[in-house]
Amino acid sequence: MTDANRILEWRRMLCALPDAVFLELCRIYLGEVNTPYNKHTLAEALGGFLRDGENRRAAAALLSDDDRAVLAAILRIPNCTFEALRLFFSDDGFLSELRELLYSLEERLLIYRARDENPDSETVFRITPYFDETVRAEAPESFLLYPFGAEYNAERVKPPELCVPSAAFLAALLSFVAGYGDVLKQDGSLKKYAAERLRAVFAADAGFDSFVESVLRACHSLELFRNEEGGGFVPDFAEWKSFAARSRAEQCAFFAASSLAVLSRSALQTYAHILLKAAASVPETGATKPMLSRLLFLAKHSAPAPGAASREHQPFQRFTVVEDEEDLTVYPSALAESGIRFGLFVEDEKKLSGEPVYRCADFVKDALSRDSRNANIAATAPDTADAAAGNALSVDAAFSVTVFGDLALDALVPLALFLDVVRHDTATVYEISRKSAARAFDAGLSPDALAAELAKHCAHPLPQALAQALADWHDQYREVKLYKGYVLRIPATQAERLSGISRRIAATIAPGVYLLDFQSDAEAARLLKQLGVSHLGKVVTAERELPSGADFPAVLPESGVWADGLPGLLPLKPAHSAAEGAPLAPEPPPEIVAPHARRVEQTLETLDGLKIPQKQRELLRIWVEHRLILNPSQLRAEGIKAKQMEASGMDFVGKVRVLEDAARQQLPVEITDECGETQRGIPLAVCKRDSDSELSLKIDWNKIRQYAVGHLQRVARIWTSVFREAGYAPY
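What counts, and at which threshold
- Residues numbered from 1 in each chain as written.
- Predicted model: local features only at pLDDT ≥ 70, side-chain atom pairs only at ≥ 80, totals over all residues.
- Heavy atoms only, no water.
- Helix = DSSP H or I, 4+ residues; strand = E, 2+ residues; numbered from the N terminus.
- Contact = heavy atoms within 4.5 Å.
- 1 Å grid on protein atoms, 1.4 Å probe; cavity = no way out; pocket = protein on both sides within 12 Å on 5 of 7 lines; lining within 4 Å.
- Points joined across faces, edges and corners; volume = space filled by probe spheres on them.
- Nonpolar A, V, L, I, M, F, W, Y, C, P; charged D, E, K, R; others polar.
- Pairing = 2+ DSSP bridges.
- Axes fitted to C-alpha atoms, helices over the stretch in contact; angles between N-to-C directions.
- Expected span 1.5 Å × (residues − 1).
- Buried < 20%, exposed > 50% of the residue type's maximum accessible area, 1.4 Å probe, protein only.
- pLDDT = per-residue confidence, 0-100.
- Phe/Tyr/Trp six-rings, centres within 6.5 Å; stacked < 30°, edge-to-face > 60°.
- Lys, Arg positive; Asp, Glu negative; His and termini not counted.
- Salt bridge = Lys/Arg side-chain N within 4 Å of Asp/Glu carboxyl O.

Section: the environment of C360
Alright, step 1. Here C360 shows up in strand β6 (residues 355-360).
Alright, step 2. On a C-alpha basis, the gap between C360 and F345 in space is 4.8 Å, while along the polypeptide they are 15 residues apart.
Alright, step 3. Residues in contact with C360, not counting those within four places in the same chain, are A279, V282, L344, K365 and L368.

Structural notes on empty space enclosed by the protein
In this approach a probe as big as a water molecule rolls over the atoms, and the regions it shows empty are the leftover space.
Alright, step 1. Considering all chains together, one arrives at two cavities of 30 Å³ or more under this definition.
Alright, step 2. Put simply, the largest cavity is a space of about 40 Å³.
Alright, step 3. What lines the largest cavity is simply Y29, A59, L62, R108, L110, R627, L628 and L630.
Alright, step 4. Residues of the lining of the largest cavity, tallied by class, amount to six nonpolar, no polar and two charged.

Quick look at the sheet that holds strand β12 (residues 505-510)
Alright, step 1. Reading across the sheet, the three strands line up as β11-β13-β12 and stay open at both edges, with antiparallel pairing between neighbours. Of all strands in the sheet, those bounded by a partner on one side alone are β11 (486-489) and β12. The sheet shows a mean angle of 25° between the axes of neighbouring strands, direction not considered.
Alright, step 2. Sheet topology note: the β12/strand β13 (residues 513-516) ladder contains four bridges and is antiparallel. Across the sheet, residue A510 finds its bridge partner in β13, namely V513.

Remarks on helix α9 (residues 167-180)
For an α-helix, 3.6 residues make a turn, and residues three or four places apart therefore share a direction.
Alright, step 1. Counted at 1.5 Å a residue, the expected span for α9 with its 14 residues is 20 Å, and the 20 Å between its end C-alpha atoms agrees.
Alright, step 2. Along α9, twelve of the 14 residues are buried, which leaves the element largely enclosed by surrounding structure.
Alright, step 3. Of all the residues in α9, the buried ones are A167, F169, L170, A171, A172, L173, L174, S175, F176, V177, A178 and G179.
Alright, step 4. Once α9 finishes, G181 follows within two positions and takes phi at roughly 70°, a positive value.

Some words on the sheet that holds strand β17 (residues 692-700)
Alright, step 1. Taking strand neighbours across the sheet as the criterion, the six strands line up as β14-β19-β15-β16-β17-β18 in an open arrangement whose pairing is antiparallel. Two strands close off the open sheet at either side, each with one partner strand: β14 (646-648) and β18 (703-708). In this sheet, adjacent strand axes meet at a mean angle of 30° when their direction is disregarded.
Alright, step 2. In the packing of helix α27 (residues 652-665) onto the sheet, the strands contacted are β14, β15 (669-672), β16 (678-689), β17 and β19 (714-717), and the crossing angle to β16 comes to about 105°.

Digging into the side chain of S64
Alright, step 1. Position of S64 relative to the elements: it lies in the loop between α4 (53-61) and α5 (65-76).
Alright, step 2. Its relative accessible area of 11% is what places S64 among the buried residues.
Alright, step 3. Non-local contacts of S64, meaning those with residues more than four positions away in its chain, are made with H596 and R627.

Some details on unusual backbone geometry
Alright, step 1. Residue P36 is reached from T35 by a cis peptide bond, and omega for that bond is -5°.
Alright, step 2. In this fold, P36 is placed in the loop between α2 (19-30) and α3 (39-51).
Alright, step 3. Backbone geometry at N79 places phi at a positive 50°, although glycine is not the residue there.
Alright, step 4. Of note, N79 is situated in the loop between α5 and α6 (82-88).
Alright, step 5. One non-glycine residue, R627, adopts positive backbone phi at about 60°.
Alright, step 6. If you trace the backbone, R627 turns up in the loop between α26 (614-625) and β14.

Re α26
Alright, step 1. The first and last C-alpha atoms of α26 sit 16 Å apart over twelve residues, in line with the 16 Å expected at 1.5 Å per residue.
Alright, step 2. Contacts made by the buried residues of α26 are with α2 and α25 (595-608).
Alright, step 3. Immediately beyond the C-terminal end of α26, within one or two residues, lies R627, with a positive phi of roughly 60°.

Describing the pairing of β6
Alright, step 1. The pairing of strand β5 (residues 345-352) with β6 spans six bridges and is classified as antiparallel. Bridge pairing links E347 to Y358 in β6.

Overview of the confidence of the model for the protein
Alright, step 1. Residues at a pLDDT of 70 or more form 79% of the protein, whose mean pLDDT is 78.
Alright, step 2. Ignoring residues within four places in sequence, the model shows residues 303-328, a span with pLDDT below 50, making 41 contacts including any to other chains.
Alright, step 3. For residues 559-568, every residue scores under 50 in pLDDT, and the model assigns this stretch 31 contacts once sequence neighbours within four places are set aside.

Section: the packing of aromatic side chains
Alright, step 1. Going through the model one piece at a time under the given rule, you end up with 13 aromatic pairs.
Alright, step 2. Taken together, a centroid distance of 5.4 Å and an interplanar angle of 85° make the contact between W10 and Y130 edge-to-face. Pair noted here: W10 is in helix α1 (residues 3-15) and Y130 is in the loop between β2 (124-127) and α8 (132-138), with a separation of 120 residues, a long-range link. Neither residue differs from the other here; W10 and Y130 are each classed as buried.

Side note on the side chain of K655
Alright, step 1. Along the chain, the position of K655 falls in helix α27.
Alright, step 2. Despite being buried, K655 has no salt bridge partner; D692 is the closest side chain of opposite charge, sitting 7.5 Å away.
Alright, step 3. Sequence-distant contacts of K655, defined by excluding residues within four places in its chain, comprise A647, S648, G649, V709, G710, L712 and V715.

Digging into the pattern of salt bridges
Alright, step 1. Overall, the coordinates contain 26 salt bridges when judged by the stated rule.
Alright, step 2. Residue R680 pairs with E670 through a salt bridge whose shortest N-O separation is 2.9 Å. With R680 in strand β16 and E670 in strand β15, the pair connects residues that are ten residues apart, well separated along the chain.
Alright, step 3. Looking at E670, the relative accessible area reads 17%, which means it is buried.
Alright, step 4. Put simply, E646, E670, R680 and R714 are held in one network by salt bridges that share partners.

What follows is the structure in structure tokens.
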């Protein structure tokens, strides 16, 4: 939208305000409004007032840090609605004041509400076009994270150790589930025997259960484990190999996303991408959890999800979902919690305003900063990696396999296919048994392939007895085969009919006898009828190979680099003030007056020197305190329709009038009772009682008190905003 169109939109939305609000704004900034009046002419006059550079500088000088934080958010959140702001500032102390802040910014003409002519369209907040440059200068990106400026502890200490599932842990857990299968109850908690066995294998106490449950649920959401017919889990080793090929940062991002809810593969990819985008923009000085939530909110709204092209081109043919997921909402605070739990953000021991500070984990930084130069360096020294992998395990004569070192997950997954975990500690001990070898044989691997996989990571020759045992087990495995499914028997002379469904033939049991992988009777009948075959058989339960390209996607950029932050997010450098180019100052001590407060005091001194009637002076003082006065020319009594704001002492009629006006519009008041105690609240009603009147004052949502008006020492109405004074509350 061009500047001219935005100015026209601003005028249109200004004229759409209720007359009481619009005219009051005109009186504040332009002075007395003569009748008859034209709204469009007055809106142009307000625009002329804001075009004055001195007035814009005055408005900038009156901004508080809270104002800057909200303006920075409105400027950078696309289609910024009240709900978006509420979600963005959900963990901040001034959330309860957000509505009043928006009223204040709107009546100070810094922002406006825009919406299409369609009555069902959402209302969004926008920066007033005359203040674009001012807001960009006064509300830089740093205020998205540091609205209240604070000082970090100078002392630097070693951060706590990350608590995330390592490659060795995941491989051991994969082997355990492959061997035991049925480990979780319907509610997602561990079964008793599985919990006891896991504690024994992983040498852990009862507190270990919740961590394992979280990892198991995440693996299930990622479809690394699938539900077996009749109960239990079955590992999908093809999916595990695809998952293991991703970097550790991407694996933890997928775990963090999958632990939030049951999401489709495309949604998991999106949230994993959001987590890594936010991690790329965490300042070197760290961020509190509310700051992380804001970064995640910005990451979600700053760019389209990865793979946002047509679904046909996404590498998830097997996991394509038809449902529209645009309305799927995961709260940024929950995403931040999950990112912390799975080690993407690690807690430092320094504090920021009493809040724990988190920084981007080192392994995530490595993944985010990896570029082609690093890849070339790694490629020039393959012998070192091969040597480390070649000394990673040992196999003894009892077929016990001990894995040392730090093998990557993509090297451990093929081993977990045919090894049963015995103990996981500093090193992981597995064993090879007939049962574990059968898993590999089910996957189509031969004894030689198993021996080669072990030899690849072993520094010494394998025991001869192991090769013989694997061969014997394989012979026994081949002797008996159990099939389940649709079996088609057809004369050999008619076998050519099956060429049209050759890819659906799972096995040739004997000449003219075929095992077909139909999933239902209806599917079998339909396809065989097309071929002119009428006899129906069974299908084997062996899994089909994944379609080409059905892999875990990369969620890091193709170049591997997010060096200077991300489009629409913050730079990785510490936050700086745009005005002075220096780091944000520590929170000022209470005795130091903020700059905007000093300007208010100066304007009040100017007002005190003017000869203005008392009622008009009171209202002008309120406007000054609410930072509505930008120019001394606004300090005039002409056109001000002042209401009685305060009454005290023997002015019984005045007190009743103030309270009745406040009760009519549900505006807050401050009263002082006969004992000198001050109380604030919303007057609900003023009822006459004999020679006095009784006030019902709502102090809290469930607390109402009654006062005799005649006994009150003082009654004062609290001026909140132009909108509230006019009885208009749009949000």
